Amino acid sequence: MLLSSLRLLLLAPIYAAAVSQHDHEDAFSESLTLHPLPDGRTSVLFQFETTFSSPRLSSSIPQSHHSLTPPSLLLPLETNNVSELTISFTSGWDSTRFSSAGLMNYDSSGGGGEIRGWLRDSHDVQDRWNAVTNALGGLFCAGLGGKDKDQGDVVRDFGGIYPQKRRVENTTHFLLSHPESHLCTENLTPFLSLLPSKGLSGISSLLAQPGIIFSWESQSEGIEILMPSTTHQGRWRGWWEGVLPLVPENNKRGNDKTRNFSIEQILRKKLPKPFPEAQSSVLRLIKDLADDNLRAQPNGEEKKEWIDGKSRTVVEWDLSNAELTGNDIQFWWDGENVYHYPRNIPPPPITISRTVVDKLASDGTFQITISNSDDFERRAIYSEIWPWWVKGWMSEIELLVGDRKRPDLLENLSYNPSTPPRISTTTLHFTLLIPANSKATLKIPFSKLTLKYTEHRPDAERGIELSSGILTLLDTLPETASENENSKDSRNTGRKRIYTNRLLLDIPTPDFSMPYNVIIMSSTVMAVFFGLMQGALTRKWGWVEVSNGKGEIVQEKKDQ
Amino acid sequence: MTLRHLYLILTALLAIPLCIASNAQLDSQLSDLFSNSTGTGRHTNNWAVLVCSSRYWFNYRHMANTLAMYRTLKRLGLPDSNIILMLSDDVACNARNAFPATVYANKGRQMDLYGEGIEVDYRGYEVTVESFLRLLTGRHDPSIPRSKRLLSDASSNVFIYMTGHGGNEFLKFQDNEEVSAYDVADAVEQMWEKRRYNRLLFTIDTCQANTMYSKFYSPEITSTGSSSLGENSYSHHNDMDIGVAVIDSFTHYILQYLETLGKASTATMKEFFGIYDPIKIQSHPGISTSLSTVPPEEILVTDFFGAVARVEISPKEDELSPLSSDLRGNMWELATKPTSRIGQVDVQTSDIEGVLRESGDPSHGWNKPLEGRSNLSNILGSLVGIGGIGLILYVGAARQEKVKEA
């Protein structure tokens, strides 16, 4: 005892030095969040966060040192003057079927893939953006680069929608949307290889199971990097979110009609050994108010937290606790023998959906329905990105509430048209007011222009996806409990953006065999006609002398 | 006394050829040591381009063919960085796949080809004739990442595997374009001109596949295809749960053979071609070795399906001097490798270099990897030389003593 305390005393300055040094070193933390949804599904969110500083900034010697950060990710960003970058892939998310306005992670984009970020200005900023998109597209095994060499499909006026998280002067925002992207194992493999735990230990080992992860209903993968500056440390955050299919349906196979589940049941693994370099490794369970009888064994630490406009109970387990390693956590609802689906699931306060009402194959109308179930008016920007071949009829835009036209609710419209037939984009930002307890409908008629043959997708007749529309709420407040004692205030949320689904527009690929048929048929007719004509005009009718084979020429009856 | 002088001169004269001989012998021994003794030919690295050119769920077998080749190459030691995998559709995460994130090439579903980790370099709409020809010829936009480039050189053995739907002298890509046998032949000729391969194995599994390699005219190509002109290539079998055919016949039998091989196998391409059985495959596979200077019995299967670790030893005189005038003028080199030119006085290098130079720390010195070897061989050579002198002196002295005794 004495000896150990003496040792502690002697080594104290060294420990202190180590700890103080640690402040500037890289730090890694990971968490796994479970959120049972009211309809029997469960949302699962893996988050990995590394804070890092660049030795390049602190020392005069040009050097690159990486301990927990992946050089393959950071080096292309460093060389290309990136200040912030977000990559997000989402597939299978359908907001109309879930009770939440979006994914648990607020930075996930709408459907498909998206790369967006802020680059420090330089004379060749466009080329640098091109280099970043191609480098990270190669890293993530997903074609993130532009379709066009001139970068016509890059959007540059979304800086207001995705503001900087950390203020850096003289920067430009870029966004490149790939609504056709989806997720598969080849995207998970590079994601895991970027993590310091490589999918081998800690929470990431639960994620490194493509067979299980990709059987979920929806997946979303993403990374967000804030590059270090002289004043701030850098941060890179990776997330993977999925929605488990109905738990009760799975339980039914074992004659269990409840929603009971456990970690091992959903992830086919017991709680893993903690990753030794992780500063924190936490399992979180989010309980809605309605789920008050949701229980867990062993018990975790309960606390109240304000999440997405609601006060919720969060139960936390520290996975670095050795007692949990190799064990399982059971979850059940007290007194539930048979799970009954709720008759109605309360919708999120703001919902948005987009459809196309087609009159003809060549024209259509986007019908965007935004409903506000709150008792107060909301102010928002609705943004769209269209490819060059979608031509909107701006003068015919209508905003309706119920059946009444309400042009007064449209405060502002920013329209940045494309330049057909070059590959380019049209961007639209509508600043709107959404009245309390009502449903606003925005109608935008459009025509589809004729695509170049090479611009058609190689899978004929499938159509082409349009990026998700984005509703950016302008009146959100920080995510802390509101001052009044209410347990619910939809304005107090970190969710600033709500996405519509992506949209598949029917673009028939011209069938060139039909023109060929016509050309071939008409050519045949012409050939037959002119052939006959020529024959009639140049042929002479008369008797021909034919030899009888003996060398004599038999005179045919010429004079007959 | 005069005799002793004569001996000395003689021994000195003898030592010179001995030194030279030992040096040459050492060089050959070293190159023997580092070269892959089981391999044939002079390649130092392997590359593979695996192309599945058809999309849609019902072409599952083409994805499975390609992925089975990918798994086999990885099993035989070729790293992911040297395999360019082009998959024109994603059957693994297709909504119709009852077994998400998996692809199987047999009906029992024993081995998942998609596995826990995979790197697909070109996928979906990226797989086009243009990207394939650019990949072969190396004509890319500068921003294209390394993972999407075939970074082969004049000592690379390149294996190209293609599968999809094809016909007489063409292979269909996606659902809207074709690559013709002439295009591929011209691209390969460009590869040869640009010294992008040492030896090339072209394998294709499609209908009328043998016509696809009939237009090659570049040297050192061995090619093989699944079926001759006018013949179809058939799938091997279905899996009732997946619901579609899982693999093509030709690829199935190739893989069945390759499964028997290990990394150190000494099987030759002749044995590989020997397993072709037109009755089993249901088509007549073709082999073309006329462009290759080496007959198939002298090429190992692992020359293409595997990764050699052979090191090329260049003679000392082929090295560029670090102090050559071209390099001295190259400021970029100086800036990127400040420690590489210690002792060289250059006013324009940074202060750090100056500090390093003054400290005279030898650990900062940049030694070329081959320099150590040549020093070693010199020392060994001179040791042998000294030994030779000693031996002759000893013999000479002994004889003198004999003379004295006499």
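This structure is a prediction, so every number in the text was calculated from the model and none was measured.

Q: Looking at this structure, I do not really get the overall build of chain A. What am I missing?
A: Along the backbone of chain A there are 10 helices and 28 strands. Here the C-alpha radius of gyration of chain A, 32 Å, is well above what a compact globule of 560 residues would show, namely 24 Å. Seen through its principal axes, chain A has C-alpha atoms that stretch 145 × 65 × 60 Å. For chain A, with 560 residues in total, the buried portion stands at 50%.

Q: What is the right way to read the side chain of T426(A) from this model?
A: By the element assignment, T426(A) lies in strand β21 (residues 425–434). A polar atom in the side chain of T426(A) sits 3.2 Å from the side chain of S418(A).

Q: I keep staring at the sheet that holds strand β16 (residues 378–387) of chain A and nothing clicks. Help me out?
A: Either a parallel or an antiparallel arrangement is found when strands of a sheet pair, and the pairing is made through backbone hydrogen bonds. Residues and elements named next belong to chain A. Taken in spatial order, the 5 strands make up an open sheet running β20-β21-β16-β24-β25, and their pairing is antiparallel. One side of each edge strand has no neighbouring strand; the edge strands of this open sheet are β20 (410–416) and β25 (497–499). Averaged over all adjacent pairs, the angle separating strand axes in this sheet is 15°, with direction ignored. Bridge analysis of β20 against β21 gives 6 bridges, and the strand direction is antiparallel. The residue of β21 that forms the bridge with Y415 is L428.

Q: Would you mind showing me how to read the domain arrangement of chain A here?
A: The extent of an interface is frequently quoted as the accessible surface area lost upon association of the parts. Segmentation of chain A into domains returns domain 1 (25–333), domain 2 (350–480 + 488–505) and domain 3 (521–558). Placing a centre on the C-alpha atoms of domain 2 of chain A and another on those of domain 3 of chain A gives a separation of 72 Å.

Q: I keep staring at the pattern of salt bridges and nothing clicks. Help me out?
A: One side chain can pair with another of opposite charge once the charged atoms of both are near each other. Evaluated as defined, the whole model comprises 42 salt bridges over all chains. Of the charged contacts in the structure, one is a salt bridge between K405(A) and E398(A), with a shortest N-O distance of 3.3 Å.

Q: Where do I start with a negative patch on the surface in this structure?
A: A contiguous patch of negative charge, built from D358(A), E461(A), D506(A) and D511(A), is present on the exposed surface. With respect to the helices and strands, D511(A) occurs in the loop between β26 (503–505) and α10 (513–538).

Q: It is not clear to me how the nonpolar core should be interpreted in this structure. Could you clarify?
A: One recurring pattern in soluble globular proteins: nonpolar side chains tend to sit buried together. One finds F46(A), L85(A), I225(A) and F331(A) to be the most contacted residues of the largest nonpolar core, which totals 68 residues. For this core, the element with the most residues is helix α4 (residues 125–139) of chain A, which contributes 5 residues. Each residue touching L85(A), except ones within four places of it in the same chain, is listed here: L77(A), I115(A), R116(A), G117(A), W129(A), V132(A), L136(A), I223(A), E224(A) and I225(A). Formed by 52 residues, the second largest nonpolar core is a distinct cluster that contains A64(B), L67(B), L113(B) and F305(B).

Q: Whenever I open this one, the side chain of T509(A) confuses me. Can you help?
A: Checked against the element boundaries, T509(A) lands in the loop between β26 and α10. Beyond its immediate stretch of four places on either side in the chain, T509(A) contacts Y453(A), H456(A), A460(A) and E461(A).

Q: Hey, could you run me through the packing of helix α3 (residues 129–137) of chain B against helix α4 (residues 181–193) of chain B in this one?
A: Axis angle and axis distance: for two packed helices, these are the angle between their axes and the distance between the axes, and together they describe the pair. All names here are of chain B. Where α3 meets α4, the closest approach of the two axes is 8 Å, and the angle between their N-to-C directions is 25°. Taken together, the axes of α3 and α4 lie roughly parallel to each other. Contact with α3, carried on its side by F132, L133, L136 and T137, involves D183, V184, A187, Q190 and M191 of α4 and no other residues of that element. Taken together, the residues of the contact of α3 with α4 sort by class into 6 nonpolar, 2 polar and 1 charged.

Q: Mind showing me how you'd approach unusual backbone geometry here?
A: Negative phi is the rule for most residues except glycine; trans is the rule for most peptide bonds. Residues and elements named next belong to chain A. For the bond from Q297 to P298, the omega torsion is -5°, close enough to zero to count as cis. Positionally, P298 belongs in the loop between β10 (294–297) and β11 (301–307). We note that D308 has phi near 50°; this positive angle belongs to a residue other than glycine. Structurally, the position occupied by D308 is in the loop between β11 and β12 (310–318).

Q: Whenever I open this one, the UniProt feature "active site" (unreviewed entry) in chain B confuses me. Can you help?
A: Residue and element names in this part refer to chain B. On the UniProt side, "active site" (unreviewed entry) is annotated at positions that read H165 and C207 here. Spanning 43 residues, the named residues nonetheless gather at one spot, since no C-alpha pair among them exceeds 6.5 Å. Considering the arrangement of structural elements, one finds H165 in the loop between β4 (156–163) and β5 (166–167). Given the relative accessible area of 28%, H165 is considered partly exposed. When neighbours within four sequence positions are excluded, H165 is seen to be in contact with S54, N59, R61, H62, L171, K172 and T206.

Q: Got a minute to help me understand the packing of helix α2 (residues 60–75) of chain B against helix α5 (residues 249–258) of chain B in this structure?
A: Residues and elements named next belong to chain B. Their axes nearest at 11 Å, the elements α2 and α5 cross at an angle of 15°. Considered as vectors, α2 and α5 are oriented roughly parallel to each other. As α2 runs across α5, the sense of the crossing is left-handed. Taking contact as the criterion, the partners of N65, A68, M69, T72 and R75 in α2 are, on α5, T251, I254, L255 and L258.

Q: Which parts of the structure should I look at to understand the environment of G306(B)?
A: Residues and elements named next belong to chain B. Tracing the sequence through the fold places G306 in the loop between β12 (286–288) and α8 (325–328). For G306, a relative accessible area of 2% gives the class buried. Put simply, G306 and H237 are 69 residues apart on the chain and 28 Å apart in space, counted from C-alpha to C-alpha.

Q: Where do I start with helix α3 (residues 71–79) of chain A in this structure?
A: Owing to its 3.6 residues per turn, the α-helix aligns residues three or four sequence positions apart on the same side. Residue and element names in this part refer to chain A. Turning to α3, its buried residues are L73, L74, P76 and L77. Summarising the axial view, the buried residues of α3 lie within an arc of 165°, below the 170-degree limit, and thus occupy one face. On the buried face of α3, the contacting elements are β2 (42–52), β3 (82–91), α4, α5 (185–194), β6 (218–226) and β7 (234–244). Once α3 ends, the next one or two residues include N81, with phi positive near 60°.

Q: What exactly am I supposed to notice about the interface of chain A and chain B here?
A: Contacts between the two partners involve 28 residues from chain A and, on the opposite side, 27 residues from chain B. Both faces considered, chain A and chain B share a buried interface measuring about 2,200 Å² in area, 56% of it formed by carbon and sulfur atoms. Run the count over chain A and chain B and you get 2 salt bridges. With its nearest N and O atoms 2.8 Å apart, the salt bridge here joins E186(A) to R123(B). At the junction of chain A and chain B, the tally comes to 10 residue pairs in polar contact (both at pLDDT 80 or more). Breaking the side of chain A that touches chain B down by element, the ones donating at least two residues are α4, α5 and α7 (210–213) of chain A. Top contributing element to the side of chain A that touches chain B by residue count: α4(A), with 5 residues. Residue classes in the side of chain A that touches chain B are distributed as 12 nonpolar, 10 polar and 6 charged.

Q: Looking at this structure, how should I read the environment of T33(A)?
A: All names here are of chain A. With respect to the helices, strands and loops of the structure, T33 is situated in strand β1 (residues 27–36). C-alpha of T33 to C-alpha of P71: the two residues are 38 residues apart in sequence and 28 Å apart in space. For T33, the residues in contact, after removing those within four places along its chain, are S43, V44, L45, Q47, M104, R284 and I286.

Procedures and definitions
- Each residue is numbered by its place in its chain's sequence as written, counting from 1.
- Note on labels: chains are lettered from A, ligands numbered from 1, in written order.
- In view of the model being predicted, local features appear only for residues whose pLDDT reaches at least 70, and side-chain atom pairs are presented and counted only at 80 or more, with totals across whole chains, interfaces and linings using the full set of residues.
- Heavy atoms throughout the structure, all of them, feed into the side-chain values; hydrogens and water do not.
- The secondary structure listing takes helices from DSSP runs of H or I that are at least 4 residues long and strands from runs of E that are at least 2 residues long, numbered from the N terminus.
- For a compact globule the rule gives 2.2 Å times the number of residues to the power 0.38, and the radius of gyration it is set against comes from C-alpha atoms.
- Residue exposure (1.4 Å probe, protein chains only): buried if accessible area is under 20% of the type maximum, exposed if over 50%, otherwise partly exposed.
- For the purposes of these results, a polar contact is taken to be a pair of N or O atoms within 3.5 Å, where, inside protein, one atom must be able to donate a hydrogen and its partner to accept one; residues adjacent in sequence count only when each atom of the pair is a side-chain atom.
- The pairing criterion for strands is at least two bridges between them, as found by DSSP.
- All axes here are fitted lines through C-alpha atoms, helices being fitted over the stretch that makes contact, and every angle between N-to-C directions spans 0 to 180 degrees.
- These domain limits were set by an automatic method or by a database of domain assignments.
- The term salt bridge refers to a pairing of a side-chain nitrogen on Lys or Arg with a carboxyl oxygen on Asp or Glu at a separation within 4 Å.
- Surface patches are drawn from residues lacking salt bridges whose relative accessible area is over 30%; two like charges belong together within 9 Å, two nonpolar side chains (Val, Leu, Ile, Met, Phe, Trp, Tyr) within 5 Å.
- Throughout, the Shrake-Rupley method with a 1.4 Å probe supplies accessible areas, and for residues the shown protein chains are the sole cover considered.
- Counted as positive: Lys and Arg. Counted as negative: Asp and Glu, with His and the chain ends omitted from the count.
- Working definition for charges: the position is that of NZ of Lys, CZ of Arg, CG of Asp or CD of Glu.
- Throughout this description, the term nonpolar core refers to a set of buried Ala, Val, Leu, Ile, Met, Phe, Trp, Tyr and Cys residues connected via side-chain atoms within 4.5 Å.
- A contact between two residues is defined here by any heavy atoms of the two lying within 4.5 Å.
- Throughout this description, any angle smaller than 35 degrees is read as roughly parallel, any larger than 145 degrees as roughly antiparallel, any in the 65 to 115 degree range as roughly perpendicular, and the remainder as oblique.
- Residue classes follow a fixed rule: Ala, Val, Leu, Ile, Met, Phe, Trp, Tyr, Cys and Pro count as nonpolar, while Asp, Glu, Lys and Arg count as charged, and any other residue, Gly among them, counts as polar.
- UniProt positions are given in the numbering used here, feature names are shortened, and annotations may be inferred rather than shown by experiment.
- Should the near helix be turned counterclockwise from the far one by less than a right angle, the crossing is left-handed, whereas a clockwise turn marks it as right-handed.
- In this description, one arc is meant: the one made by directions from the helix axis to the C-beta atoms.
- By buried area we mean how much accessible surface two parts lose on assembly, using a 1.4 Å probe and totalling the loss over both.

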